[in-house]
Amino acid sequence: MSRTLTIRRPDDWHLHLRDGAMLAAVLPETARHFARAIVMPNLVPPVVTGAQAAAYRDRILAALPEGMRFEPLMTLYLTEDTDPDDVAAAAGSGLVRAVKLYPAGATTNSASGVQDFNRVRPVLERMAGIGLPLCVHGEVTDPQVDIFDREAVFIDRVLDPMRRATPGLKVVMEHVTTSEAVDYVKGAQTGLAATITAHHLVINRNHILAGGIRPHYYCLPVAKRERHRRALVGAATGGDARFFLGTDSAPHTDARKQQACGCAGCFTATNTLSVLAEVFERESALDRLERFTSRNGPAFYGLPVNEETLTLTRGAPVTYPERIDSGDGPVTVFDPGFKLHWKVGA
Ligand code: NCD
Ligand code: ZN
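Here the structure is a predicted model, which means the values were calculated and not measured.

### Here's the deal with the environment of Val48
Stage number 1. Tracing the backbone through its elements, the reader meets Val48 in the loop between strand E3 (36–39) and helix H2 (50–63).
Stage number 2. Remark: the alpha-carbon pair of Val48 and Ser179, spanning 131 residues in sequence, is separated by 32 Å.
Stage number 3. Discounting chain neighbours no more than four positions away, the residues touching Val48 are Leu76, Tyr77, Thr79, Thr82 and Asp86.

### What to know about the coordination of the zinc ion (ligand 2)
Stage number 1. Around the zinc ion (ligand 2), the protein contributes the donor atoms His14 (NE2), His16 (NE2) and Asp248 (OD), at 2.0 Å from the metal centre.
Stage number 2. Coordination at the zinc ion (ligand 2) is irregular, judged from the four donor atoms that bind it and the angles of 92 to 140 degrees they form at the metal.
Stage number 3. Spacing between the donor residues of the zinc ion (ligand 2) along the chain follows H-x1-H-x231-D. Taken together, the residues span a long stretch of sequence, with His14 in strand E2 (residues 11–15) and Asp248 in the loop between strand E9 (243–245) and helix H9 (254–257) at a distance of 234 residues.

### Some words on the pattern of salt bridges
Stage number 1. Evaluated as defined, the whole model comprises 21 salt bridges.
Stage number 2. A salt bridge links Asp81 to Arg119, with the shortest nitrogen-to-oxygen separation between them at 3.7 Å. With Asp81 in the loop between strand E4 (71–77) and helix H3 (84–92) and Arg119 in the loop between strand E5 (96–101) and helix H4 (121–130), this residue pair connects regions lying 38 residues apart in the sequence.
Stage number 3. Looking at Arg119, the relative accessible area reads 46%, which means it is partly exposed.
Stage number 4. The closest approach of N and O atoms between Arg295 and Glu290, which form a salt bridge, is 3.0 Å.
Stage number 5. A cluster of three or more residues bridged by salt bridges with shared partners is formed by Arg3, Glu281 and Arg314.

### Description of the packing of H3 against H4
Axis angle and axis distance: for two packed helices, these are the angle between their axes and the distance between the axes, and together they describe the pair.
Stage number 1. H4 packs onto H3 with a crossing angle of 25 degrees between their chain directions and a minimal axis gap of 9 Å. By the angle between their directions, the pair H3 and H4 is classed as roughly parallel. Here H3 and H4 pass one another in a crossing that is right-handed. Residues Pro84, Asp85, Val87, Ala88 and Ala91 of H3 pack against Pro122, Val123, Arg126, Met127 and Ile130 of H4.
Stage number 2. Classifying every residue of the contact of H3 with H4 gives eight nonpolar, no polar and two charged.

### Overview of a negative patch on the surface
Stage number 1. Negative charge collects at one region of the surface, where Asp146, Asp149, Asp156, Glu180 and Asp183 lie side by side.
Stage number 2. Mapped onto the fold, Asp183 is located in helix H6 (residues 179–187).
Stage number 3. A relative accessible area of 53% places Asp183 in the exposed class.

### Some points on the nonpolar core
Stage number 1. In terms of nonpolar packing, the biggest core is built from 92 residues, with Leu17 and Leu134 touching the most fellow members.
Stage number 2. Ranked by the residues each element gives to this core, the list is headed by helix H10 (residues 272–282), at six residues.
Stage number 3. Setting aside its immediate chain neighbours within four residues, Leu134 contacts Leu78, Val99, Leu101, Leu124, Met127, Met162, Leu169, Lys170, Val171 and Val172.
Stage number 4. In this structure, Tyr102, Ala193, Phe244 and Tyr301 belong to the second largest nonpolar core, which totals 14 residues.

Calculation criteria
Residues numbered from 1 in each chain as written. Chains lettered and ligands numbered in written order. Predicted model: local features only at pLDDT ≥ 70, side-chain atom pairs only at ≥ 80, totals over all residues. Heavy atoms only, no water. Helix = DSSP H or I, 4+ residues; strand = E, 2+ residues; numbered from the N terminus. Contact = heavy atoms within 4.5 Å. Donors = N, O, S within 2.8 Å, 3.2 Å for Na, K, Ca; no water. Tetrahedral: all angles 85-135°; square planar, octahedral: opposite > 155°, others 65-115°. Salt bridge = Lys/Arg side-chain N within 4 Å of Asp/Glu carboxyl O. Buried < 20%, exposed > 50% of the residue type's maximum accessible area, 1.4 Å probe, protein only. Axes fitted to C-alpha atoms, helices over the stretch in contact; angles between N-to-C directions. Parallel < 35°, antiparallel > 145°, perpendicular 65-115°, else oblique. Left-handed = near helix turned anticlockwise from the far one by under 90°. Nonpolar A, V, L, I, M, F, W, Y, C, P; charged D, E, K, R; others polar. Patch = residues over 30% accessible without salt bridge, like charges linked within 9 Å, V, L, I, M, F, W, Y side chains within 5 Å. Areas by Shrake-Rupley, 256 points an atom, 1.4 Å probe, with all protein chains shown as cover. Lys, Arg positive; Asp, Glu negative; His and termini not counted. Charge placed at Lys NZ, Arg CZ, Asp CG, Glu CD. Core = buried A, V, L, I, M, F, W, Y, C linked by side-chain atoms within 4.5 Å.

Have a look at this one:
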């Protein structure tokens, strides 16, 4: 007898959709399962103004196949020149749901990010005033800091001082990868949440480096030790409302990942829900999957939960394509390294 699990339709609180041919290729992979997604603004050039976000939103909706429903929740890329009035107007109209902070140079397409945090104070204060969340890529870029320590150091050097200096600012610490980040979020009184990806619930740093270098497991923040992965699994499956799904599904062509200097990002949109169901089942936490995928995120963002539902069915192992064709070349789909028994659908 097959088992089913019906949950409110999930949302993805951190997603890279790209543009052009890549957008057209990856959008259906998300829209098939997710009702809404916080869409990252790290295009080249980045989405900085309300007008740019509106144009990007139109391109996303134009790329959506007939018969699919999907609501892109737009974000602005914070720069040292960002105009607080433009941010407030874009938020006031409902177009923009968050502002994204990339420390300059922290990750893919982050060259226009923030170097001098004092220069973005007026924007952060305005955001605190209107309740607009700041999504934070939480890694320092100091080359002296070991890449495996960059998230923990960011909390002490940047995030905590910034939150203290801007009372009332809602912050999402994105794609957390360490027990330090989990503890920091749990210790906060209010106004702080974190997204967790599916792949960081599955891989640790051995997956990237042991027995050969595996570029498709390389993403930023880089996966850490097993004890950190366990802390993430605990946070995701524990039911705490401050943790919710942000896949950080970040498509790059195989040609860009499989080279001497491969770029960062795991493409997970296609099979995220099957992976998550497997992870939650192993923790005997399937009854808490809906909170993580469908309830905690809207609650933090002040949005209604989705009325539609999605059913997962347990049965014989399901397979997904190993790669999808993007028009620019193939994009490898995340391989969790174990069988997936939950398929989306009745
Ligand atoms: C993301 C990308 O490719 O845009 N890459 C990644 O490794 N996660 C950028 C990001 O979210 O850091
Ligand atoms: Zn990302």
